[in-house]
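Each chain, written out:
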Amino acid sequence: MAHTTQAAHGHMQDYEGHVQAVEADLEYWRTKRLEPRVIQLHRRGVVTLYDLLRAAAHGPASAATGEATHKATHEIESRIRALEDGLDEYIRGIALASIDSPDHPFVIEDTRKERGDYDDFFRIAKPPHDGTLGERIARLEHDLREYQRLLQVLMRALRDKGVLTKEQLEHQRAFLAGRGAWNGARIVARAWVDPVFKQALLTRGREAVRELNIPPGRLGKLGVAENTATLHNVVVCTLCSCYPHDLLGDPPWWYRDDSYKQCIVQDPRGTLALRFSLRLPDGVEVRVHDSTSDVRWMVLPRRPAGTDGWTEEELARLVTIDSLVGSAEALTPAALAHNER
């Protein structure tokens, strides 16, 4: 049995979906990550509001981020893509600003209290998202510039006060830049050990991965297809190579190959067996998901047997790029041990 989920390709179709996603993510990262961090630093006297004022007086802490957001263009898709790129830069910047200094460690519970997870009184208000699509895009462009400016000032103040050093920041930038494929493995490993996260991932993929501090990239919606004992999922992009690159890293080289696309749609079971040596029982349905610019898919592979008691980091090592698109299962413990010899 085979079932293919088809959808429109090419350029972005669902402008509303992309704009809603940016609106939700931008306010989440502002109200749950950046501004609670600023307040927390002020309360402890690490970086006060007056330190921020002094930093702001010196101008931008660095070259303006999100330059694509400022480009003069009236083309809706280009403006939305620029917003998505700017949002990613903003999220990565917050990750840098959130590095704990050895002299000023922060406990996660304190952060949760500060952002109002346990008491609504402390929650930071979010603005309404109303108006026409064009008005909302313009508001997002304005808000993102302001939010980035606060982030730049905070980074300048952190360096001026000696809370963070240039070496620490460069090390963290390099670390974050290489997280692509590992991010996909982290998502899967968390789903294997956390049923609540797994349910959120399957129903609200993009929102769920915020918990892991992973920038969404140019992603409208993230579709997550779970493999089970009776269902195996495969991902393809029949007309181009749509894939959540920013979220999961680069796909396998053959993912862009036209022969793979044609074969996996026409005969998914046979293609998995012949090209990838993945032979599935006859009773297992094979379902093919066609990624688009608006909805990009990943596979949630089954957790291998013999991994009870494994940590998330240990489990993540079992997740391969191929298993994220369904051309392979996750590694077994024996296969992992063999690969690491």
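Treat the numbers as computed from the prediction; the structure is a model and nothing was measured.

With respect to the packing of aromatic side chains
For step 1, the next point in the chain: All chains considered together, the criterion is met by 7 aromatic pairs.
For step 2, the next point in the chain: Consider the rings of tyrosine 28 and tryptophan 29, whose centres lie 5.7 Å apart with planes at 85°: the pair is edge-to-face.
For step 3, the next point in the chain: Since its relative accessible area comes to 2%, tryptophan 29 is described here as buried.
For step 4, the next point in the chain: Pairwise contacts between aromatic rings join Trp254, Tyr255, Tyr260 and Phe276 into one cluster.
For step 5, the next point in the chain: Sitting above the plane of the phenylalanine 197 ring, arginine 190 keeps its charged end 5.9 Å from the centroid.

Observations regarding the nonpolar core
For step 1, the next point in the chain: Ile187, Leu201, Leu247, Tyr255, Tyr260, Leu272 and Met298 are the most contacted members of the largest nonpolar core, which has 49 residues in total.
For step 2, the next point in the chain: At 6 residues, the largest contribution of residues to this core is made by helix 7 (residues 180–193).

Some points on the confidence of the model for the chain
For step 1, the next point in the chain: Summary statistics for the chain give a mean pLDDT of 84 and a share of 88% for residues scoring 70 or more.
For step 2, the next point in the chain: Scored below 50 in pLDDT, residues 4–10 makes 18 contacts in the model with residues more than four places away or belonging to other chains.
For step 3, the next point in the chain: Note that residues 61–73 has pLDDT below 50 and, in this model, 25 contacts with residues that lie over four places away or in other chains.

Re the side chain of lysine 32
For step 1, the next point in the chain: Relative to the helices and strands, lysine 32 is located in helix 1 (residues 15–43).
For step 2, the next point in the chain: Leaving out residues up to four positions away in the same chain, lysine 32 has contacts with Glu27, Arg115 and Asp117.

Some remarks on the side chain of glutamate 114
For step 1, the next point in the chain: Within the secondary structure layout, glutamate 114 lies in helix 4 (residues 108–114).
For step 2, the next point in the chain: For glutamate 114, a relative accessible area of 11% translates into the label buried.
For step 3, the next point in the chain: Among the polar contacts made by the side chain of glutamate 114, one reaches the side chain of arginine 43 at a distance of 2.8 Å.
For step 4, the next point in the chain: Once residues lying within four places of it in the same chain are set aside, the contact partners of glutamate 114 are Pro36, Ile39, Gln40, Arg43 and Phe122.

As for the pairing of strand 5 (residues 295–300)
For step 1, the next point in the chain: Counting buried positions along strand 5 gives 5 out of 6 residues, so the element sits mostly inside the fold.
For step 2, the next point in the chain: Bridge count between strand 2 (residues 221–226) and strand 5: 6 bridges; the pairing is parallel. Looking at strand 5, one finds that lysine 221 is bridged to valine 295.

Remarks on the environment of arginine 79
For step 1, the next point in the chain: Mapped onto the elements, arginine 79 comes out in helix 3 (residues 76–97).
For step 2, the next point in the chain: Overall, the relative accessible area of 15% leaves arginine 79 in the buried class.
For step 3, the next point in the chain: Sequence spacing of arginine 79 and alanine 138 is 59 residues, and the spatial spacing of their C-alpha atoms is 9.0 Å.

Quick notes on the environment of proline 304
For step 1, the next point in the chain: As for its placement among the helices and strands, proline 304 is situated in the loop between strand 5 and helix 13 (312–316).
For step 2, the next point in the chain: Along the chain, proline 304 and alanine 330 lie 26 residues apart, while their C-alpha atoms are 6.7 Å from each other.
For step 3, the next point in the chain: Every residue in contact with proline 304, bar those within four places of it in the chain, is listed here: Trp192, Leu318, Ala330, Leu331, Thr332 and Pro333.

A short note on helix 2 (residues 49–57)
For step 1, the next point in the chain: Where helix 2 is concerned, the buried positions are Asp51, Leu52 and Ala55. Down the axis of helix 2, the buried set is contained in an arc of 100°. They therefore lie on one face. Residues Tyr50, Leu53 and Ala57 are exposed on helix 2 and point more than 90 degrees away from its buried face.
For step 2, the next point in the chain: On its buried face, helix 2 sits against helix 1 and helix 5 (133–160).

Definitions and limits used
- Chains are numbered independently. Their residues run from 1 in the order of the written sequence.
- It should be noted that, the model being predicted, local features are given only for residues of pLDDT at least 70 and side-chain atom pairs only at 80 or more, the latter also being counted only at that level, while totals for whole chains, interfaces and linings use all residues.
- Computation of side-chain values: all heavy atoms of the structure, hydrogens and water removed.
- Any two of the Phe, Tyr and Trp rings considered here, Trp counted by its six-membered ring, make a pair once their centres fall within 6.5 Å; the pair's planes then place it as stacked at under 30 degrees, edge-to-face at over 60, or tilted in between.
- Each residue's exposure class comes from its accessible area (1.4 Å probe, protein chains only) as a fraction of the maximum for that residue type: buried when under 20%, exposed when over 50%, partly exposed otherwise.
- The criterion for a charge sitting over a ring is simple: Lys NZ or Arg CZ within 6 Å of the ring centre, and within 35 degrees of the ring normal.
- In plain words, nonpolar cores are sets of buried Ala, Val, Leu, Ile, Met, Phe, Trp, Tyr and Cys residues tied together by side-chain atoms within 4.5 Å.
- Starting at the N terminus, helices and strands are each numbered in turn, a helix being any DSSP run of H or I of at least four residues and a strand any DSSP run of E of at least two.
- pLDDT runs from 0 to 100 and stands for how confident the predictor is about each residue.
- For this analysis, residues touch if any pair of their heavy atoms sits within 4.5 Å.
- In protein, a polar contact means a hydrogen-donor-capable atom and an acceptor-capable atom, both N or O and within 3.5 Å, with residues adjacent in sequence counting only if both atoms are side-chain atoms; elsewhere, any N or O pair within 3.5 Å suffices.
- Paired strands, as defined in this entry, are two strands with at least two bridges between them according to DSSP.
- The directions considered for the arc run from the helix axis to the C-beta atoms.

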